[in-house]
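Listed here are the chains, written in short residue letters.
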Amino acid sequence: MAVPRIKLGPEGFEVSAQGLGCMGMSAAYGPPKPDHEMIALIHRAVSKGITFLDTSDVYGPHTNEILLGKALKGIRDKVQLATKFGISFEGGKLDISGGKMKVCGDPAYVRAACEGSLKRLDVDCIDLYYQHRIDTTVPIEITIGELKKLVEEGKVKYIGLSEASASTIRRAHAVHPITAVQIEWSLWTRDVEEEIVPTCRELGIGIVPYCPLGQGFFCSGAKMVESLADNDFRKILPRFKRENLERNVAIFEKLCGIASSKGCTPGQLALAWVQHQGNDVAPIPGTTKVKNFEENIGALSVKLTPEEMKELEAIVSSSGVYGDRYLGKDFTWMNSETPPLSSWKGI
């Protein structure tokens, strides 16, 4: 089937209804994968109609953007390229196991980060530029003000936020239209439905769910956790700790039962649930394997009735989800409030 196209945000940014998260190709999910294999996978995705590509300067760091830059040669005009700024880690490597994350939204940093991404991606303009996490020491108006300048200079087309609270989204949108908000949204991560999703819809902002497959859990359950490499960051996530995993497996087992009756895989069923959230939603499942990519794109053909949607949601609510998303709130929208603009003194 042809991949549907949707529009994100009030300015009409058009993307494929499903995107491709590229982080795992270079970071976080075990050792980096061979460039030539990942470039071939990206080209396959684009040829199939999955043209919304997602990366960040912290993935590697930097190496994922460099990979994307190589992959885009000759196909730049066929893709919608999204990258992010704002996160760095002590020691240089992606690590969410403790208090090593630094977040920056200072104007000088924003500009330098953008210039660095443009160079690594080897492009003249970034289609969608997200603030990856919110700097709670800098008023959001100041950060968005600098991004607005980058738009005016033609270095960025559209502005996005990732893991931002409803109030932060509103304040940002008042400075410059926000095209998309990237959030974790899946069958077992639904806290965003209370305030964030309604706020985005009120303001006409697109929604880009990451980890729609529950960090891969909905594809193979406990087997996924058992096969993780030693340096895969999912090993430290609370939901995959033994005491929680043993309970969360009940969700996967029930999902498998419904998937069997639907003639699809449990991963396709979970991804279809996210895809059915609306025509303003473009999930970005990530993978490093062609087989998994083909499975993900197949989820676009899985049709769910309102009753089936409720049945899937009931599975999770009745079984319960054990363990938090991360080891603390610093990596989430729950800690994304910034000071009032009146407090800004600059540096």
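Every value quoted in this text rests on a predicted model; they were computed, and no experiment measured them.

### Structural notes on the overall build of the chain
A tally of regular secondary structure across the chain gives 12 helices and 11 strands. For the chain, whose C-alpha radius of gyration is 19 Å, the value lies close to the compact-globule estimate of 20 Å for 347 residues. Seen along its three principal axes, the alpha-carbon backbone of the chain occupies a region of about 55 × 45 × 40 Å. Going through the 347 residues of the chain one by one, you find that 57% of them count as buried. Of the contacts formed within the chain by residues at least 6 apart in sequence, a portion of 78% connects residues at least 24 apart. For the chain, the exposed surface amounts to about 14,200 Å²; the carbon and sulfur share of it is 52%. Charged side chains in the chain number 41 positive and 43 negative. The centres of these two groups are separated by 3 Å.

### Let's talk about the environment of T332
Positionally, T332 belongs in the segment after α12 (306-319). Accessibility expressed as a relative area gives 6% for T332, which makes it buried. Between the alpha carbons of T332 and G60 there is a distance of 20 Å; along the sequence they are 272 residues apart. The residues contacting T332, other than those within four sequence positions of it, are R133, E163, R325 and Y326. A polar atom in the side chain of T332 sits 3.1 Å from the backbone nitrogen of M334.

### Quick notes on the sheet that holds strand β11 (residues 206-210)
Reading across from one edge, β3-β4-β5-β8-β9-β10-β11 is the order of the 7 strands in this open sheet, with parallel pairing throughout. One side of each edge strand has no neighbouring strand; the edge strands of this open sheet are β3 (19-21) and β11. Averaged over all pairs of adjacent strands, the angle between their axes in this sheet comes to 25°, without regard to strand direction. In terms of strand pairing, strand β10 (residues 178-184) meets β11 through 5 bridges, oriented parallel. In the sheet register, I183 faces β11, and the bridge partner there is P209.

### Some thoughts on unusual backbone geometry
In this chain, G60 is followed by P61 through a cis amide linkage whose omega measures 5°. Looking at where P61 falls in the secondary structure, it is placed in the loop between β4 (52-54) and α2 (63-71). Unusually for a residue other than glycine, H62 sits at a positive phi of about 75°. If you trace the backbone, H62 turns up in the loop between β4 and α2. On the basis of relative accessibility, which here comes to 36%, the residue H62 falls in the partly exposed class. For Q215, which is not glycine, the phi torsion reads 60° and is therefore positive.

### Remarks on the side chain of N248
Within the secondary structure layout, N248 lies in helix α9 (residues 242-262). Classification of N248 as buried rests on a relative accessible area of 0%. When neighbours within four sequence positions are excluded, N248 is seen to be in contact with W188, F217, R239, G320, V321 and Y322.

### Some details on the side chain of E146
If you trace the backbone, E146 turns up in helix α4 (residues 140-152). For E146, a relative accessible area of 8% gives the class buried. For E146, the residues in contact, after removing those within four places along its chain, are P107, V110 and R111.

### As for the environment of R133
Within the secondary structure, R133 is located in the loop between β8 (126-131) and α4. Along the primary structure R133 and L161 are separated by 28 residues, whereas in three dimensions their C-alpha atoms are 7.5 Å apart. Contacts of R133, omitting those with residues within four sequence positions, involve F85, I87, V103, S162, E163, Y210, Y326, F331 and T332. Only 3.2 Å separates the side chain of R133 from the side chain of S162, close enough to count as a polar contact.

### A few points about the nonpolar core
Of all hydrophobic cores here, the largest spans 113 residues; its most connected members are F52, L161 and L312. Counting residues per element, this core draws most heavily on α9, at 7 residues.

### Digging into the packing of aromatic side chains
Under the defined criterion, the tally for this structure stands at 11 aromatic pairs. Between the aromatic rings of Y29 and F233, the centroid separation amounts to 5.5 Å while the plane-to-plane angle is 15°, which identifies the pairing as stacked. Here the residue Y29 occupies a position in the loop between β3 and α1 (35-48), and F233 occupies one in the loop between α8 (222-226) and α9, the gap between them amounting to 204 residues. Residue Y29 is classed as partly exposed on the basis of its relative accessible area, which comes to 22%. Each ring, one from F85 and one from Y129, has its centre 5.0 Å from the other, and the planes form 40°; the classification is tilted. Here F85 is found in strand β5 (residues 80-85), whereas its partner Y129 is found in strand β8, with 44 residues between them in sequence. Both residues of the pair, F85 and Y129, count as buried. Here a set of aromatic residues connected by ring pairs shows up, and it is made of W188, F217, F218, F240 and F252. The positively charged end of R239 is found above the aromatic ring belonging to W188, 4.9 Å away from the centroid.

Thresholds applied
- Residues numbered from 1 in each chain as written.
- Predicted model: local features only at pLDDT ≥ 70, side-chain atom pairs only at ≥ 80, totals over all residues.
- Heavy atoms only, no water.
- Helix = DSSP H or I, 4+ residues; strand = E, 2+ residues; numbered from the N terminus.
- Rg over C-alpha atoms; globule rule 2.2 N^0.38 Å.
- Buried < 20%, exposed > 50% of the residue type's maximum accessible area, 1.4 Å probe, protein only.
- Contact = heavy atoms within 4.5 Å.
- Areas by Shrake-Rupley, 256 points an atom, 1.4 Å probe, with all protein chains shown as cover.
- Lys, Arg positive; Asp, Glu negative; His and termini not counted.
- Charge placed at Lys NZ, Arg CZ, Asp CG, Glu CD.
- Polar contact = N/O pair within 3.5 Å; in protein donor to acceptor, adjacent residues only side chain to side chain.
- Pairing = 2+ DSSP bridges.
- Axes fitted to C-alpha atoms, helices over the stretch in contact; angles between N-to-C directions.
- Core = buried A, V, L, I, M, F, W, Y, C linked by side-chain atoms within 4.5 Å.
- Phe/Tyr/Trp six-rings, centres within 6.5 Å; stacked < 30°, edge-to-face > 60°.
- Lys NZ or Arg CZ within 6 Å of the ring centre and 35° of its normal.

As far as function goes, none of this settles anything; it's purely spatial.
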